[in-house]
Amino acid sequence: MTRKQGNEQTKNRRQWVSIVPYGIHQQHPNAYKDILDTVWENRDSLGYAYRILRDGCCDGCALGTSGMHDWTMEGIHLCAVRLQLLRLNTMPAMDWRLLEDVPALRRMSNRKLRKMGRLSVPLVRQKGDKGFRRISWEEALDLTAKRLRTVDPHRLSWFLTSRGLTNEAYYAHQKVARSFGTNHVDTSARICHAPSTAALSATVGCAATTCSYSDWIGSDLVIFVGSNIANNQPVATKYLYYAKQAGTKVFVVNPYFEPGLDRYWVPSVTKSALFGTRMADDYFQVHIGGDIAFFYGVLKHLIENDWVDREFVAARTVGWQETEAKARSFDWPDLERSSGQTKAEMYRFAEAFGKARHAIIVWSMGITQHSYGSDNVRSIVNLQLARGNVGRPHTGLMPIRGHSGVQGGAEMGGQPGAYVMGVPVTEENSKRLAQPEFWGFEPPAWKGISATQMILAAERGEIDALWQSGGNFVDTLPEPDRVVRSVANIGFRVHQDIMLSSNMLVDPADTIVLLPSRTRYEQRGGGTETSTERRIIYSPEIPGPRIPESRDEWEVPVQVARRADPERAARIFPWKDTQDIREEINRVCPTYKGIGNLRKKGDNFQYGGPRLLVDRFLTPDGKGHFSPIGLPDEKVPADRFLLSTRRGKQFNSMIYKVSDPLTGLKREDIIMAKEDAERLGLRNGDPILLRNDRGEFRGLVKIDRIKPGCIQGHWPEVNVVVPAGRLDPSGVPDYNAVVEIIALGRPETVANLKAVTA
């Protein structure tokens, strides 16, 4: 063995977690048990389940696969998220008669509601009815068409989930909504990443990741900010493993020391499966909401130590002088207080970042779901522009997506501000789309509202009809009791879905219609998904059992439009299958040109190529724009805490286990720093009450490695104390809260501590 080989082997061993095989007796997911559990759960349909995994495009996170393979690495890619979603695609039809008694269903958890099986027939419930009654598709389509035809378009809203929907389904839904005259169209994608879309569009001219997953491998530095890929995109840990083998350093900026970003056992890599892999090389525990101050401190160090790429800044950006002056204007004590990091800690980050030849910054909802989420993203863009870390190999801006449909959902027009990607809602574009070669009708040009604004509008009595394809406002938005009252205020509701949810059980103000959909794998002609790295991937129809009365996701709204105005719809919705839709997208959306050629498993293309912004930014002036933003105006007294929300063993609001295998946390656990617990006289497992003027949540103390002064609880359970109406300018809710903590059962340690979050 050469000295170089020996040094390499020693370095790799330093990344091991333990010599105990597969980390026995350590807290981490058991991927092999997950596989066995999935086999058992799908035992009545194993052949079909296997064909979905083998041939379908993953309906979990947005990393994107064709079958069980991707375009970055060799080997099989199969994660717990995809396995836990598999049963949604294979489960049999439910007994629709159970829906005749809604009060009984309300006593069941969402997990039990899911296990009842697939929605099987069209159903209707009217005001005063105890439950739903079965109707024919003819009745359902006629009733829905009649109501939508008569409603004021300004009082009609349309919401689309990321639940396995394809690009074709998103496109069809939003075009139908616009044919009825409304721009109140939104998707669950924007509840997560609308701030990323807004900030990136304004600063670099594109709302998608600027690089590819392959850029991780060989980058000097990959930085995760407010993102936990081990939980939400577990296959991505495999990319990270190979990046570390290639010498990449990994930094994490987060209030909580996420165990999965500390160490992880990648099950499909033998060495990692046996000995584990240490992921993070350095951790920077900022305050909740301290990201902007932290990145200003880093930028200030870059300036003072001449680590700014001034040649790149001068040639390719604007706004640097104002941003540099803004950074210099902040005193170090202010930045330390706001960020929760010392000047020395910010220097440590800045030195590594400033000396790195290339770096990628990855972020998720820990950055976006704040009332200043867009500014959080702008602060990340400032850093990357200052170092010229865009458009080159192993550099980039990556808002990583947690659901398979979210990237394409917004790009296909599932948003109030654009008809499709690159075609914003304007009078000019409305008239252009009216040409026969495009849509053949003039869509509305007025400004629509976001999903959270829809609910607030419904509370005020300003929404008369809601079409909801998947999704669950009650279990996802802040102040669930308030959401229930708002939903109950809507006169006509259409819920199109594959399964039952608590959202459908809210009593009708007038009428509710339930319409059973097919999954993406049942869709005639297949469909496409757009991954985080902008790869448009074809997913074929998978042969297997079908729910006889379910219909393709895209065709249901189209059939309603055809009932509402047959002659007009025949002209503007001439589609027979998804291939027809892809060919129309090919004409209407320039960025997606080529989608019409995707017809079989494995067909794909990456729009923009492996890297965007190579020669110019996509802004009108071709420049990258710095943003001299201010610090969040949050004043937190010394005796208060900051509360934020986190995810466990779940996919969106679907909870799969009460205990998170990554952390050991139960759904009722509230993470607290050791220093804070000792100061309050609290111990692990002590009961506490979170309370404010919005609601109460009973939890248990869990002492762990979180930034002192900060606490975390699981979403959506703690939504009861999260205030509605506190939104980023892009419309995303701030999923943080001001709470009072009351120690329960130990009167001597009762603490009245108020908490606020950013």
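Here is what the cut-offs are and how they apply
Residues numbered from 1 in each chain as written. Predicted model: local features only at pLDDT ≥ 70, side-chain atom pairs only at ≥ 80, totals over all residues. Heavy atoms only, no water. Helix = DSSP H or I, 4+ residues; strand = E, 2+ residues; numbered from the N terminus. Rg over C-alpha atoms; globule rule 2.2 N^0.38 Å. Buried < 20%, exposed > 50% of the residue type's maximum accessible area, 1.4 Å probe, protein only. Contact = heavy atoms within 4.5 Å. Areas by Shrake-Rupley, 256 points an atom, 1.4 Å probe, with all protein chains shown as cover. Lys, Arg positive; Asp, Glu negative; His and termini not counted. Charge placed at Lys NZ, Arg CZ, Asp CG, Glu CD. Core = buried A, V, L, I, M, F, W, Y, C linked by side-chain atoms within 4.5 Å. Pairing = 2+ DSSP bridges. Axes fitted to C-alpha atoms, helices over the stretch in contact; angles between N-to-C directions. Polar contact = N/O pair within 3.5 Å; in protein donor to acceptor, adjacent residues only side chain to side chain. Phe/Tyr/Trp six-rings, centres within 6.5 Å; stacked < 30°, edge-to-face > 60°. Lys NZ or Arg CZ within 6 Å of the ring centre and 35° of its normal. pLDDT = per-residue confidence, 0-100. Patch = residues over 30% accessible without salt bridge, like charges linked within 9 Å, V, L, I, M, F, W, Y side chains within 5 Å. Salt bridge = Lys/Arg side-chain N within 4 Å of Asp/Glu carboxyl O. Parallel < 35°, antiparallel > 145°, perpendicular 65-115°, else oblique.

### Digging into the overall build of the protein
Next up, step 1: Counting its secondary structure elements, the protein contains 29 helices and 31 strands.
Next up, step 2: For 758 residues, the compact-globule formula gives about 27 Å, and the C-alpha radius of gyration of the protein, at 25 Å, lands near that figure.
Next up, step 3: Dimensions along the principal axes, computed over C-alpha positions, put the protein at roughly 70 × 65 × 55 Å.
Next up, step 4: For the protein, with 758 residues in total, the buried portion stands at 65%.
Next up, step 5: Across the protein, every contact between residues at least 6 apart in sequence was considered, and the portion connecting residues at least 24 apart equals 76%.
Next up, step 6: As displayed, the protein has an accessible area near 27,100 Å², and 52% of this comes from carbon and sulfur atoms.
Next up, step 7: Looking at charge distribution, the protein has the averaged site of its 100 positive side-chain charges lying 3 Å from that of its 87 negative ones.

### A few points about the nonpolar core
Next up, step 1: Counting residues in hydrophobic clusters, the biggest one holds 58 residues, and the most contacted among them are Leu 148, Trp 158, Tyr 171, Phe 180 and Tyr 592.
Next up, step 2: Setting aside anything within four residues of it in sequence, one finds Leu 148 in contact with Leu 156, Trp 158, Phe 180, Ala 465, Trp 467, Phe 492 and Val 560.
Next up, step 3: Core analysis: the next-biggest nonpolar cluster, separate from the first, contains 52 residues, Val 286, Ala 327, Ala 350 and Phe 353 among them.

### Quick look at the sheet that holds strand S15 (residues 465-469)
Next up, step 1: Overall, mixed pairing links the seven strands, which are arranged S2-S1-S17-S16-S15-S3-S4 in an open sheet. Two strands close off the open sheet at either side, each with one partner strand: strand S2 (133-134) and strand S4 (185-187).
Next up, step 2: Along the sheet, helix H26 (residues 555-564) makes contact with strand S3 (156-160), S15, strand S16 (492-497) and strand S17 (511-516), crossing S15 at roughly 150°.

### So, unusual backbone geometry
Both trends apply: most residues other than glycine have a negative phi, and most peptide bonds are in trans.
Next up, step 1: In this model, Trp 715 is joined to Pro 716 through a cis peptide bond whose omega is 10°.
Next up, step 2: Secondary-structure assignment places Pro 716 in the loop between strand S28 (710-714) and strand S29 (736-737).
Next up, step 3: Even without a glycine there, the phi angle at Glu 479 is positive, about 50°.
Next up, step 4: Here Glu 479 shows up in the loop between helix H24 (473-476) and helix H25 (480-487).
Next up, step 5: Note on Glu 479: relative accessible area 9%, which makes it buried.
Next up, step 6: Phi at Leu 613 takes a positive value of approximately 65°, unusual for a residue other than glycine.
Next up, step 7: In this fold, Leu 613 is placed in the loop between strand S20 (604-606) and strand S21 (624-625).

### Looking at the side chain of Glu 522
Next up, step 1: Along the polypeptide, Glu 522 turns up in the loop between S17 and strand S18 (527-530).
Next up, step 2: Residue class for Glu 522 comes out buried when judged on its relative accessible area of 2%.
Next up, step 3: Within the structure, the side chain of Glu 522 is placed 3.0 Å from the side chain of Arg 118, a separation counted as a polar contact.
Next up, step 4: At a separation of 3.0 Å, a polar atom in the side chain of Glu 522 contacts the main-chain amide nitrogen of Thr 519.
Next up, step 5: Beyond its immediate stretch of four places on either side in the chain, Glu 522 contacts Tyr 48, Asn 89, Arg 118, Glu 541, Pro 545, Arg 546 and Asp 552.

### Considering the packing of aromatic side chains
Next up, step 1: Within this structure, the stated rule accounts for 30 aromatic pairs.
Next up, step 2: Relative to Trp 575, the ring of Phe 573 has its centre 5.4 Å away and its plane inclined at 75°; by these criteria the two rings are edge-to-face. Exposure class is identical for Phe 573 and Trp 575. Each is buried.
Next up, step 3: In this structure an aromatic cluster arises from ring pairing among Tyr 171, Tyr 419, Trp 439, Phe 441, Trp 554, Phe 573 and Trp 575.
Next up, step 4: Lying over the aromatic face of Phe 441, Arg 568 brings its terminal NZ or CZ to 5.1 Å of the ring centre.
Next up, step 5: For Arg 647, the ring lying beneath its charged end belongs to Trp 715, and the centroid distance is 4.2 Å.

### Remarks on the confidence of the model for the protein
Next up, step 1: Chain-level pLDDT for the protein is 93 on average; 96% of the residues reach the 70-or-more range.
Next up, step 2: This stretch, residues 747-758, has a pLDDT under 50; its non-local contacts, to residues over four places away or in other chains, come to 55 contacts.

### Remarks on a nonpolar patch on the surface
Next up, step 1: Taken together, the side chains of Tyr 32, Ile 35, Val 39 and Leu 46 present a nonpolar region at the surface, about 330 Å² in accessible area.
Next up, step 2: Per element, the largest residue contribution to the nonpolar patch is three residues, and it comes from helix H2 (residues 31-41).
Next up, step 3: Assignment of secondary structure puts Leu 46 in helix H3 (residues 46-55).
Next up, step 4: We classify Leu 46 as partly exposed; its relative accessible area is 40%.

### What to know about the pairing of strand S6 (residues 249-253)
Next up, step 1: Burial within S6 is extensive, with four of its five residues counted as buried.
Next up, step 2: Here five bridges tie strand S5 (residues 221-225) to S6, and the two strands are oriented parallel to one another. Each bridged residue has a counterpart across the sheet, and for Val 222 the counterpart in S6 is Val 250.
Next up, step 3: Sheet topology places S6 next to strand S9 (residues 282-284); three bridges connect them, and they run parallel. Pairing of Phe 251 across the sheet is with Asp 282, part of S9.

### Topic: the packing of helix H14 (residues 291-304) against helix H16 (residues 320-329)
Next up, step 1: At a minimum axis distance of 9 Å, the contact between H14 and H16 shows a crossing angle of 105°. As summarised for this structure, H14 and H16 are arranged roughly perpendicular, according to the angle between their axes. Taking contact as the criterion, the partners of Tyr 296, Leu 299, Lys 300 and Ile 303 in H14 are, on H16, Trp 320, Thr 323, Glu 324, Lys 326, Ala 327 and Arg 328.

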